There are 2 protein chains.
Amino acid sequence: MKKIKVIKIGGKLIENTELLNRLCDELPRFYPNCVLVHGGGTLAGQLATKLGLEVKMHEGRRITDAETLKVTVMAYAGLANKTVVAELQKRGVNACGVSGCDMGIVVSHKRPVKDIDWGFVGDIESVNCDMVAMLLEKGIMPVFSPITFSKEGELLNTNADSVANGVASALAERYEVELTFCFDKPGVLMDIDDDNSAIPSINREQFAELKESGVIYSGMLPKLENAFKTIDSGVSAVRLTDPDHLDGGTVIVK
Amino acid sequence: MKKIKVIKIGGKLIENTELLNRLCDELPRFYPNCVLVHGGGTLAGQLATKLGLEVKMHEGRRITDAETLKVTVMAYAGLANKTVVAELQKRGVNACGVSGCDMGIVVSHKRPVKDIDWGFVGDIESVNCDMVAMLLEKGIMPVFSPITFSKEGELLNTNADSVANGVASALAERYEVELTFCFDKPGVLMDIDDDNSAIPSINREQFAELKESGVIYSGMLPKLENAFKTIDSGVSAVRLTDPDHLDGGTVIVK
């Protein structure tokens, strides 16, 4: 079974040219068995502020009204996506930027209004594995933006981690898939102040212990809980690392 | 030889939801033997103005500095492109938005500085027919934004008519190609005030006569001169029409 690496790069990498270049320097060695998914970090927020759009938040999360959606599509599907693709093409990687609507790959639906109307935010319904596999088999590296679409033709702002999970899980039907979350830390650290203390691998039992002992806490908890869910969906392993250690970092296993 | 219709839609269609919807309603009948190329109209200019960017013009044409380029990429490769793709997906057309960098389809170079530095403006070097053909053969309708890229990894703002010409000419190596320029007039009119006076077809001899008699003048002249050049590059015919007459309008032939 062919091995495919799905790499999700965080917003901080997209905003930082030096970090982005370092990552792009590393990617040719995984090509053509690699898929990229990126977020947009604060790009859209910055643009919205410059345009004088009112920022509507609920419990620390942004509400995407019609104007904010346009800004998000411009920043993520436009600037962030094409910048990454051009950097990869320069390095000999035949990348193709895709948003969910392109080839109908990621279909979502508008999040239903319960207590709060999140606006144009999409929850993923399905990922078309055939289309992604077609690109991979043609030697093309898909680069996903976190903009998806509904069958009603609405563009929807979607959590980039969810897109990465969805794409990785769909590809797991056909390939041996590893999902890498590439962020600004070299893994799950035993000592938060020591970048050399990344824990090589964590299974469920070890996770329970690390949580109990307080080594894993705060923002790292949902990341790991999410990683175990991803593994349950058929993905072989989830890796947490930074651009300099794409073969290292911390691997989450069953 | 398979027939392919390359349709270039002008900026006015992109800006006008009603016109765009009318066009999208017509496109399913040409699918899957159709390629779309769009401009962005005044979308980028409006955004640049809202962001307070200084508009630099030379002889009526915009100079694309680094910040203006970002705005152009956001507006054309982002918002305009994904809006069209989502509208087509809604109508059952498996469209895929592409900018020049995607799959390395349209390579350009930065326009050399002579009297004037146009900034990040690209002149087309090559169009990869194989990649476009691959999409068409898979039943995917490519939707091109006018953003191209250089081998140095720069994104470049490019004239949408030039992208349409480049794509049509490249496809003419393999298919019988008709290039349609879809704008807000139902063709080349005998009487500018009568929308029912479209001239069905014009060859070089007739063009000379119509120019001589003053029927064709001003903005229509470069459009037609351009059309004759396109035909010389192997494209079978060039059609000038509006969204309601995609099989009618005026056809430019040898």
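Residues numbered from 1 in each chain as written. Chains lettered and ligands numbered in written order. Predicted model: local features only at pLDDT ≥ 70, side-chain atom pairs only at ≥ 80, totals over all residues. Heavy atoms only, no water.

A. Just the sheet that holds strand β12 (residues 201-202) of chain A, in detail. All names here are of chain A. The eight strands are arranged β5-β8-β2-β1-β11-β13-β14-β12 in an open sheet whose pairing can be described as mixed. Two strands bound the open sheet, and with one partner strand each, they are β5 (95-98) and β12. Pairing of strand β11 (residues 176-182) with strand β13 (residues 237-241), which is carried by five bridges, proceeds in the parallel orientation. Bridge assignment links F181 to a residue of β13, and that residue is L240. (Pairing = 2+ DSSP bridges. Helix = DSSP H or I, 4+ residues; strand = E, 2+ residues; numbered from the N terminus.)

B. The sheet that holds strand β11 (residues 176-182) of chain B, seen in detail. Residue and element names in this part refer to chain B. Pairing is mixed in the open sheet, where eight strands are placed in the order β5-β8-β2-β1-β11-β13-β14-β12. The sheet terminates laterally at β5 (95-98) and β12 (201-202), the two strands that pair on one side only. Docked against the sheet, helix α5 (residues 129-137) engages β1 (3-9), β2 (34-38) and β8 (141-144), running at close to 135° with respect to β8. (Contact = heavy atoms within 4.5 Å. Axes fitted to C-alpha atoms, helices over the stretch in contact; angles between N-to-C directions.)

C. Spatial organisation of the relation of the copies chain A and chain B. If you rotate chain A by 180° and push it 0.0 Å along the axis, it lands on chain B with an RMSD of 0.0 Å. The superposition of one copy onto the other is thereby described by a two-fold rotation axis. It is A:G78 whose C-alpha, among those of chain A, lies nearest the rotation axis, at 1.8 Å. A share of 100% of interface residues in chain A that are also interface residues in chain B marks the association as one of identical surfaces. (Least-squares fit on C-alpha atoms with pLDDT ≥ 70 in both.)

D. Spatial organisation of the nonpolar core. In terms of nonpolar packing, the biggest core is built from 92 residues, with A:F144, A:L171, B:F144 and B:L171 touching the most fellow members. Mapping this core onto the domain boundaries places at least three of its residues in each of domain 1 (3-183) and domain 2 (185-254) of chain B. Beyond its immediate sequence surroundings of up to four residues, A:L171 is in contact with A:I4, A:V6, A:V35, A:C129, A:V132, A:A133, A:L136 and A:V177. Counting 80 residues, the second largest nonpolar core, distinct from the first, contains A:A48, A:V93, B:I9 and B:L155. (Core = buried A, V, L, I, M, F, W, Y, C linked by side-chain atoms within 4.5 Å. Buried < 20%, exposed > 50% of the residue type's maximum accessible area, 1.4 Å probe, protein only. Domains from an automatic or database assignment.)

E. Spatial organisation of unusual backbone geometry. Residues and elements named next belong to chain A. Each neighbour pair has its own omega, and for Y31 with P32 the value is 5°, a cis peptide bond. Along the chain, P32 turns up in the loop between α2 (17-26) and β2 (34-38). Within the chain, M103 stands out as a residue other than glycine whose phi angle is a positive 60°. Note on placement: M103 falls in the loop between β5 and β6 (106-110).

F. Just the confidence of the model for chain A, in detail. Residue-level pLDDT values for chain A average 94, and 100% of them are 70 or greater. For this predicted complex, the interface score ipTM comes out at 0.95, alongside a pTM of 0.96. (pLDDT = per-residue confidence, 0-100.)

G. Molecular detail of the layout of surface pockets. All names here are of chain A. The space that makes up the largest pocket amounts to roughly 1100 Å³. Lining the largest pocket are 35 residues; nearest its centre among them are G40, G41, Y76, N159 and A160. Of all the secondary-structure elements, those providing two or more residues to the lining of the largest pocket are α1 (11-15), α3 (43-50), β4 (61-62), α4 (66-90), α6 (160-171) and β11. Ranked by the residues each element gives to the lining of the largest pocket, the list is headed by α4, at four residues. (1 Å grid on protein atoms, 1.4 Å probe; cavity = no way out; pocket = protein on both sides within 12 Å on 5 of 7 lines; lining within 4 Å. Points joined across faces, edges and corners; volume = space filled by probe spheres on them.)

H. Molecular detail of the packing of aromatic side chains. Residues and elements named next belong to chain A. Under the definition given, this model contains two aromatic pairs over all chains. Between F207 and F228, the aromatic rings sit 5.2 Å apart at their centres with planes inclined by 35°, giving tilted as the arrangement. Taken together, the positions of F207 in helix α7 (residues 204-212) and F228 in helix α8 (residues 220-232) put the pair 21 residues apart, joining distant regions of the chain. On the basis of relative accessible area, F228 is assigned to the buried category, the value being 4%. (Phe/Tyr/Trp six-rings, centres within 6.5 Å; stacked < 30°, edge-to-face > 60°.)

I. Region of the structure containing the pattern of salt bridges. Scanning the model with the defined rule gives 40 salt bridges over all chains in all. When the shortest N-O distance is used, the salt bridge between A:E87 and A:K90 registers 3.6 Å. Of the two residues, A:E87 and A:K90 are both situated in helix α4; the distance of three residues between them amounts to about one turn of the helix. Accessibility expressed as a relative area gives 14% for A:E87, which makes it buried. Its salt-bridge partner being B:E87, residue B:R91 comes within 2.7 Å of it at the nearest N-O pair. If you follow the salt bridges from partner to partner, you end up with A:D25, A:E87, A:K90 and A:R91 in one network. (Salt bridge = Lys/Arg side-chain N within 4 Å of Asp/Glu carboxyl O.)

J. Region of the structure containing empty space enclosed by the protein. Counted according to the given criterion, the structure contains one cavity of 30 Å³ or more. Roughly 30 Å³ of volume is contained in the largest cavity. The class makeup of the residues in the lining of the largest cavity is two nonpolar, one polar and two charged. (Nonpolar A, V, L, I, M, F, W, Y, C, P; charged D, E, K, R; others polar.)

K. Quick peek at the pairing of β11(B). Residues and elements named next belong to chain B. Of all seven residues in β11, six are buried, a share of seventy percent or more. Direction of pairing for β1 relative to β11: parallel, over a ladder of seven bridges. When the bridges of β11 are listed, K3 appears paired with E176.

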